[in-house]
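# Summary of structural features
Listed below, chain by chain, are the residues.
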Amino acid sequence: MALPSTGIITSSLTAYTEQDSPLIRASVLGGHTLDYITIEQGIKHSKSINILGGTLVPTAYSCAVMSPTGSSVITQVPLTVCTLEVQESICLDYLTNYFTNKWLAPGADNGEKLPNQIESEFVALKMDQISAVVEDYIWKGSSSGTYSASLTVCNGILHTIELTSASASVIQAGTAFAGTNPTLANIATIVDDMFLKIPTDISDRGDLVLFMSIPNFSLYQLAIRDLYKYNANMYTSNTYRYESEIPGTGVKVVGTRGLNGTNRMVLTSGENIRFGTDLRNDFDSADKFKMFNDPYQKSLYFHAVWRQGIAIPFPQFVVEFK
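We now turn to the structure provided with this report. Owing to the predicted nature of the structure, the values given are computational and were not obtained by experimental measurement.

Helices and strands together make up the secondary structure of the protein chain, namely 5 helices and 13 strands. Its C-alpha radius of gyration of 27 Å places the protein chain more than 25% over the 20 Å reference for a compact globule of 322 residues. Oriented by its inertia axes, the alpha-carbon framework of the protein chain measures out at about 125 × 55 × 35 Å. Long-range contacts, defined here as pairs at least 24 residues apart, represent 73% of the contacts in the protein chain between residues at least 6 apart. Within the structure as shown, the protein chain displays about 18400 Å² of accessible surface, and the carbon and sulfur contribution to it stands at 53%. Positive and negative charge centroids in the protein chain, built from 22 and 30 side chains respectively, lie 2 Å apart.

Below, the structure is given as structure tokens:
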């Protein structure tokens with residue numbers, strides 16, 4: 001005789017999935033170019049970078065009256081910033097129909113701030129995203145939209161060295177491969193050519209950096225690995241995953257998300273790239289971000305505002321592959 005069924009019958013129910021776990025923010029690769037270049041703060045619109053140059057002309061010594069032959073010249077390069085902002089509105093009512101309702105404040109109005117379980121991750125995510133935007137504008141910003149249709153408010157490095165009068169002075173390298181995608185077979189040759197074309201006036205500087213995209217950086221590491229069989233000691237005291245050096249030269253090689261989507265490579269001194277801003281904390285400190293409640297709009301608002309701009313005082317000391 002069959003035994004009677006026992007237990008609770010659940011065939012008509014939908015299986016429950018536990019949702020009350022902590023939020024994990026999406027990964028966003030931020031920017032690191034600012035770690036290698038020169039930052040000028042306190043700029044609300046424009047600042048002149050003053051440059052002292054000139055010529056020195058030695059002549060044979062003579063007891064005759066002084067007859068000056070050299071000259072010193074002061075010139076200026078403008079460092080102009082633009083103002084960017086981020087605005088976002090959040091209606092807490094949207095959280096009431098989901099697992100997030102457990103985190104809301106008691107009462108029908110749901111409180112006046114983001115729940116603690118959301119706020120810290122929200123602010124951290126915005127910091128990462130703003131860091132990424134700053135980096136992208138440093139490199140691909142252009143009022144012409146040449147490098148990105150969404151980065152047109154500020155001009156960046158590529159705009160300065162390619163779309164202004166500075167382009168006439170920039171040194172082009174890797175011409176045999178210009179206009180083509182770097183490959184495992186040729187990227188080391190391109191980088192070596194860029195090194196060989198460093199102007200002698202800056203060749204002994206300790207802050208020379210070759211910037212390239214993250215994909216090209218990864219390609220270069222594989223090429224050097226195969227070429228030197230790990231004997232080049234590339235990984236020196238680097239503080240950033242996408243930093244190494246051209247073996248045996250002391251020139252840093254840095255991969256940046258700002259050049260992603262292009263095959264440009266730019267080599268110059270860190271002092272020769274000037275990043276202008278009003279206050280660096282405006283875009284890399286959570287204390288400067290504003291979150292406030294508007295009872296009339298029945299929403300929370302997130303707001304961040306900062307200034308940034310780029311100048312290249314000496315384009316003749318820039319080596320580029322494109």
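Formed by 68 residues in total, the largest nonpolar core has its most connected members in Met194, Phe211, Tyr220 and Met265. Broken down by element, this core gets its largest block of residues, 8 residues, from helix α1 (residues 116-140). In this structure, Ile43, Ile49, Leu79 and Val81 belong to the second largest nonpolar core, which totals 7 residues.

In this section: the layout of surface pockets. Size it by volume and the largest pocket reaches roughly 380 Å³. Contributing to the lining of the largest pocket are 21 residues, with Pro78, Thr160, Thr164, Ile310 and Ala311 lying nearest its centre. Sorting the residues of the lining of the largest pocket by element identifies β3 (71-80), α2 (157-162) and β12 (299-311) as the ones contributing at least two each.

Along the chain, Asp282 turns up in helix α5 (residues 281-284). Other than its neighbours up to four places away in sequence, Asp282 contacts Lys288, Phe289, Val305 and Trp306.

Attention now moves to the state of the cysteines. As enumerated under the stated definition, the model contains 1 disulfide in all. Two residues, Cys82 and Cys154, share a disulfide whose sulfurs are 1.3 Å apart. Handedness here is read from the sign of the S-S torsion; for Cys82 and Cys154, about 75 degrees, the answer is right-handed. Of this pair, Cys82 sits in strand β4 (residues 82-90) while Cys154 sits in the loop between α1 and α2; the two residues are 72 residues apart in sequence, bridging distant segments of the chain.

Moving on to the pattern of salt bridges. The full count for this structure, using the stated rule, is 13 salt bridges. With its nearest N and O atoms 2.8 Å apart, the salt bridge here joins Glu88 to Lys126. Placement of Glu88 in strand β4 and of Lys126 in helix α1 is noted, with a sequence separation of 38 residues between them. According to the relative accessible area criterion, Glu88 is partly exposed, its value standing at 27%. By relative accessible area, which is 11% here, Lys126 ends up buried.

A few words now on the side chain of Glu243. With respect to the secondary-structure elements, Glu243 resides in strand β7 (residues 243-245). Of the side chains bearing the opposite charge, Lys252 lies closest to the buried Glu243, which forms no salt bridge; the N-O distance is 4.9 Å. Of note is the side chain of Glu243, whose polar atom sits 2.5 Å from the side chain of Tyr36.

Calculation rules
Residues numbered from 1 in each chain as written. Predicted model: local features only at pLDDT ≥ 70, side-chain atom pairs only at ≥ 80, totals over all residues. Heavy atoms only, no water. Helix = DSSP H or I, 4+ residues; strand = E, 2+ residues; numbered from the N terminus. Rg over C-alpha atoms; globule rule 2.2 N^0.38 Å. Contact = heavy atoms within 4.5 Å. Areas by Shrake-Rupley, 256 points an atom, 1.4 Å probe, with all protein chains shown as cover. Lys, Arg positive; Asp, Glu negative; His and termini not counted. Charge placed at Lys NZ, Arg CZ, Asp CG, Glu CD. Core = buried A, V, L, I, M, F, W, Y, C linked by side-chain atoms within 4.5 Å. Buried < 20%, exposed > 50% of the residue type's maximum accessible area, 1.4 Å probe, protein only. 1 Å grid on protein atoms, 1.4 Å probe; cavity = no way out; pocket = protein on both sides within 12 Å on 5 of 7 lines; lining within 4 Å. Points joined across faces, edges and corners; volume = space filled by probe spheres on them. Disulfide = S-S within 2.5 Å. Salt bridge = Lys/Arg side-chain N within 4 Å of Asp/Glu carboxyl O. Polar contact = N/O pair within 3.5 Å; in protein donor to acceptor, adjacent residues only side chain to side chain.

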